Amino acid sequence: EAQVTQNPRYLITVTGKKLTVTCSQNMNHEYMSWYRQDPGLGLRQIYYSMNVEVTDKGDVPEGYKVSRKEKRNFPLILESPSPNQTSLYFCASSFQSSGAYNEQFFGPGTRLTVL
Amino acid sequence: SQQGEEDPQALSIQEGENATMNCSYKTSINNLQWYRQNSGRGLVHLILIRSNEREKHSGRLRVTLDTSKKSSSLLITASRAADTASYFCATAPKYSGGYQKVTFGIGTKLQVIP
């Protein structure tokens, strides 16, 4: 089954404790992206990747890191989480590396709480 | 206002009625996409309409695009309780080289009352 998976689905952590949210897709998509969703603000892009070893900042990259060592995986790293990073996070992928023109497939989301 | 801004922000209708949601945007686009999100879950792609198309259908969904007004509408006919969800439009700017970011709106929350 074609899908985007994220782990963990729920995470409660404390300020400053490094964490990684994994994202994996099995559709051989070039493009992958991370979003955060907050009430009243919609989806905001954190980072995106157009292919292996090609990543760039989205609208709200501060406090986050990503890597794309393999085509299928795109982990999101919070080196020192803070309470303002409490949010619902989504990973998404799509075909085409020249831009996200096609439909994006979303993961189920990771609800992160930073105390 | 944001690129890809939906209107209304919330809509409540009876089962069987039609639901119409609108999306306005500011810059020239390559395409516009509509997504649905059930509470707290991932977004699901519904339909994509390109800038040279004016109308598109998919089952009970009808999307129109008016590039002169920079607006789109999503019509759900004969609504069902299962259509209760948030609906987002997403715009992909006209390609001018390099990566062009897709921008999501804040969404319209639709409630269909059985």
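Quick notes on the rules
- Residues numbered from 1 in each chain as written.
- Chains lettered and ligands numbered in written order.
- Predicted model: local features only at pLDDT ≥ 70, side-chain atom pairs only at ≥ 80, totals over all residues.
- Heavy atoms only, no water.
- Helix = DSSP H or I, 4+ residues; strand = E, 2+ residues; numbered from the N terminus.
- Rg over C-alpha atoms; globule rule 2.2 N^0.38 Å.
- Buried < 20%, exposed > 50% of the residue type's maximum accessible area, 1.4 Å probe, protein only.
- Contact = heavy atoms within 4.5 Å.
- Lys, Arg positive; Asp, Glu negative; His and termini not counted.
- Charge placed at Lys NZ, Arg CZ, Asp CG, Glu CD.
- Core = buried A, V, L, I, M, F, W, Y, C linked by side-chain atoms within 4.5 Å.
- Pairing = 2+ DSSP bridges.
- Axes fitted to C-alpha atoms, helices over the stretch in contact; angles between N-to-C directions.
- Disulfide = S-S within 2.5 Å.

Asks: Help me understand the overall build of chain A in this model?
Replies: Regarding its fold elements, chain A presents zero helices and eleven strands. Start at the N end of chain A and walk to the C end: the helices and strands fall as β-β-β-β-β-β-β-β-β-β-β. A compact globule built from 115 residues would reach a C-alpha radius of gyration of about 13 Å, and chain A, at 13 Å, matches this within 12%. Taking the principal axes of its C-alpha atoms as reference, chain A extends roughly 40 × 30 × 30 Å.

Asks: In this structure, what is going on with the overall build of chain B? I would like to understand it.
Replies: Each helix and strand counted, chain B has zero helices and eleven strands in total. For chain B, the succession of helices and strands along the chain, N to C, is β-β-β-β-β-β-β-β-β-β-β. Against the globule reference of 13 Å for 114 residues, chain B gives a C-alpha radius of gyration of 14 Å, in line with a compact fold. Seen through its C-alpha atoms, chain B measures out along the principal axes to roughly 50 × 30 × 25 Å. Among the 114 residues that make up chain B, the fraction classed as buried is 45%. For chain B, the share of sequence-separated contacts (at least 6 apart) that also reach a separation of at least 24 residues comes to 55%. The centroid of the 14 positive side-chain charges in chain B is displaced by 7 Å from the centroid of its 9 negative side-chain charges.

Asks: I tried to follow the nonpolar core on my own but got confused; where do I start?
Replies: Side chains of nonpolar character tend, in soluble globular proteins, to be buried together. Counting 21 residues, the largest nonpolar core has B:Leu32, B:Trp34, B:Leu74, B:Ile76, B:Tyr87 and B:Leu110 as the members making the most contacts within it. Residues within four places of B:Leu110 in sequence aside, it is in contact with B:Leu11, B:Ile13, B:Ala19, B:Met21, B:Ile76, B:Asp83, B:Thr84, B:Ala85 and B:Tyr87. Listed in part, the 19 residues of the second largest apolar core include A:Val21, A:Met32, A:Tyr89 and A:Leu112.

Asks: Would you explain the sheet that holds strand β7 (residues 65–66) of chain A in this entry?
Replies: Strand-to-strand pairing in sheets goes through backbone hydrogen bonds, with the strands running parallel or antiparallel. All names here are of chain A. One open sheet accounts for four strands, arranged β1-β3-β8-β7; its pairing is antiparallel. In the strand order of this sheet, the two ends are held by β1 (4–7) and β7, each with one partner. Examined bridge by bridge, β1 and strand β3 (residues 19–25) share four bridges and lie antiparallel to one another. Looking across to β3, one finds that Asn7 is bridged to Thr22.

Asks: Got a minute to help me understand the pairing of strand β6 (residues 55–58) of chain B in this structure?
Replies: The two faces of the sheet receive side chains in turn, since in a regular strand these alternate between them. Residue and element names in this part refer to chain B. Bridge analysis of β6 against strand β7 (residues 61–66) gives four bridges, and the strand direction is antiparallel. Looking at the pairing, Lys56 lines up with Val63 of β7. Where β6 folds back on β7, the antiparallel hairpin that results is connected by two residues, among which Gly59 adopts a positive phi of roughly 60°.

Asks: Which parts of the structure should I look at to understand the sheet that holds strand β1 (residues 5–7) of chain B?
Replies: Residue and element names in this part refer to chain B. Strand order in the open sheet formed by five strands is β1-β3-β8-β7-β6, with antiparallel pairing between adjacent strands. With partners counted over all chains shown, the strands left at the sheet margins are β1 and β6, one partner each. The mean inter-strand angle of the sheet, taken between neighbouring strand axes irrespective of direction, is 20°.

Asks: Is there a simple way to explain the state of the cysteines in this structure?
Replies: Summed over the entire model, instances satisfying the criterion amount to two disulfides over all chains. Across a sulfur-sulfur distance of 1.8 Å, A:Cys23 and A:Cys91 are joined as a disulfide pair. Negative torsions about the S-S bond denote left-handed disulfides, and the value of about -70° found for A:Cys23 with A:Cys91 makes this one left-handed. One end of the pair, A:Cys23, is in strand β3; the other, A:Cys91, is in strand β9 (residues 87–94), and 68 residues separate them in sequence. Note that B:Cys23 is cross-linked by a disulfide to B:Cys89, the S-S spacing being 2.0 Å. Sign of the S-S torsion, about 65° for the bond between B:Cys23 and B:Cys89, identifies this disulfide as right-handed. Here B:Cys23, found in strand β3 (residues 19–24), pairs with B:Cys89, found in strand β9 (residues 85–93); they are 66 residues apart in sequence, far enough to count as distant. You can call B:Cys23 buried: its relative accessible area is 2%. Judged by relative accessible area, B:Cys89 falls into the buried class, the value being 0%.

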